[in-house]
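Descriptive structure summary
In case you want the letters, here they are:
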Amino acid sequence: MVKFKRKTDPRKDGMGRKARREPAPLPASTVTALVGATGGVGTTSAACALALSLAVRSGRSRTQLQRMTDGPRVALIDMDFQTGACAHHLDLLPTLSPDDLARPASQIDASVLSVMAHQAIGGVALLSAPNGTESAVSPRTVLALLDAATQAFDHVVIDLPRRFEPWTPAVLAGADASLVMAELTVPSLHMARLRRAQLAPVLGPMGRALDTVITKHERRGGRGSLDLKDVQTALGEPAFASLPMDPDPLRESVNSGEPLLSLRPDCRYVSAIEQLADTLCLAVAEARPDEATEPEQRSAA
Ligand SMILES: Nc1ncnc2c1ncn2[C@@H]1O[C@H](COP(=O)(O)OP(=O)(O)O)[C@@H](O)[C@H]1O
Ligand SMILES: [Mg+2]
């Protein structure tokens, strides 16, 4: 009997899993700030997943000994002091106390910060405060925290509150990538356009804009739904990236506290986060062409 060789799917690896493309080279450092155009669009989910993806990429370029001795190289800062949920998403404890948030900015440096960022998972250190501490927050201290985080960590991801706070423009201006997260609905795109216009005087002089990431995207949205082409019409620019509607894995992850990246590495949402991380790395490398990426740096050392 002639045995036919089973046709192999080039998109799958030897174990039948989807083969992953080589990720884009990781810049030596990145600061990414995410702000939701409207509530519940998935900003915190994306911030957590992006931070974990950057941590995995950063871990790949280090030896096992370096990984054990260096500690986390990625920080996730939850700047939503009123209703932030990064700690819940990652099943970690808040690390900042109201006293920390009210400290004089001059007292915050990289060594103080490394003590504050003692909760970590998957190579991501969390900086977050218990909900309801917003009245204690000094805007200068928040910016000092961010400054110290960029010195203490290679990659920083910031989950900003939807409401504009006194520090919001400075945080977005200081980031390498500033992302407004919006759903494909008229109210959400309207708020994204408003945020882009509000930030134009701050980011415009630096040749930058608030980039839009479409969340909960459904390819077949049904009657009355918008599609990605409408983003160009509404905002005058295409979406920077899009994340699919993928409720089951996200629900499972947030309710179990296990990162999606390890819980459901093959789900559509994780692939889209990897693509977002790639787009981000390439955009940062393009903006800072003279800077070496991580593997290049290490092979030169
Ligand atoms: N891409 C997605 N597909 C389906 N559900 C999502 C997606 N992103 C987030 N969610 C769910 O939406 C809810 C709000 O998400 P969250 O990240 O807290 O939003 P935000 O920070 O914008 O308020 C959560 O229940 C989360 O699991
Ligand atoms: Mg949130």
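A few words on the site of ligand 1. Taken together, 19 residues form the shell around ligand 1, and within it G42, T43, T44, S45 and L250 come nearest. At the level of elements, α1 (43-60), β7 (211-217) and α10 (247-256) are the ones that each hand at least two residues to the shell around ligand 1. By residue number, the principal contributor to the shell around ligand 1 is α10, which donates four residues. Here the shell around ligand 1 is composed, by residue class, of eight nonpolar, eight polar and three charged.

This part is about the sheet that holds strand β6 (residues 177-183). Ordered in space as β3-β4-β2-β5-β1-β6-β7-β8, the eight strands form an open sheet in which the pairing is mixed. In this open sheet, the two edge strands, each paired with only one partner strand, are β3 (119-121) and β8 (241-244). On average, adjacent strands in this sheet sit at an angle of 25° to one another, irrespective of strand direction. Strand direction decides the pairing type here: strand β1 (residues 30-36) and β6, joined by five bridges, are parallel. Looking at the pairing, G36 lines up with M181 of β6.

At D91, a residue that is not glycine, the phi angle is positive and equals roughly 55°. A residue is classified by how many C-beta atoms lie within 10 Å of it, and D91, with 14 of them, is partly exposed. A positive phi angle, close to 50°, is found at K216, a residue other than glycine. Of note, K216 is situated in strand β7. The exposure class assigned to K216 is buried, which follows from the 22 C-beta atoms found within 10 Å.

It is worth spelling out the nonpolar core at this point. One broad rule of soluble globular proteins: the nonpolar side chains tend to lie buried together. Judged by nonpolar contacts, the single largest core of 85 residues is most densely connected at A51 and A149. In terms of residues, this core owes the most to one element, α1, which gives ten residues. Discounting chain neighbours no more than four positions away, the residues touching A51 are V74, L76, V124 and V157.

Quick look at α1 now. With 18 residues, α1 extends 26 Å from end C-alpha to end C-alpha; this agrees with the ideal 26 Å at 1.5 Å per step. With respect to burial, α1 is a largely interior element, 16 of its 18 residues being buried.

So, on to the pairing of β7. Of all seven residues that make up β7, seven are buried, and the element is covered over most of its length. Two elements, β6 and β7, share five bridges in a ladder whose sense is parallel. Residue pairing across strands places V180 opposite T212, the latter belonging to β7. Crossover connection from β6 via helix α8 (residues 186-203) to parallel β7: handedness right-handed. Judged from the three bridges that link them, β7 and β8 form a sheet pairing that is parallel.

What follows concerns the confidence of the model for the protein chain. Taken residue by residue, the protein chain gives an average pLDDT of 89. The fraction at 70 or more is 91%. In the model of the protein chain, helix α13 (residues 294-300) stands out as the element of lowest mean pLDDT, 55, in contrast to strand β5 (residues 155-160), which has the highest, 98. Every residue in residues 13-17 scores below 50 in pLDDT, and together they form three contacts with partners more than four places removed in sequence or on other chains.

What counts and how
- Residues numbered from 1 in each chain as written.
- Chains lettered and ligands numbered in written order.
- Predicted model: local features only at pLDDT ≥ 70, side-chain atom pairs only at ≥ 80, totals over all residues.
- Near = placed C-beta within 6 Å.
- Helix = DSSP H or I, 4+ residues; strand = E, 2+ residues; numbered from the N terminus.
- Nonpolar A, V, L, I, M, F, W, Y, C, P; charged D, E, K, R; others polar.
- Pairing = 2+ DSSP bridges.
- Axes fitted to C-alpha atoms, helices over the stretch in contact; angles between N-to-C directions.
- Buried ≥ 20, exposed ≤ 12 C-beta atoms within 10 Å, placed from the backbone.
- Core = buried A, V, L, I, M, F, W, Y, C linked by C-beta atoms within 7 Å.
- Contact = placed C-beta atoms within 7 Å.
- Expected span 1.5 Å × (residues − 1).
- Right-handed = clockwise from strand over helix to strand, strands pointing away.
- pLDDT = per-residue confidence, 0-100.

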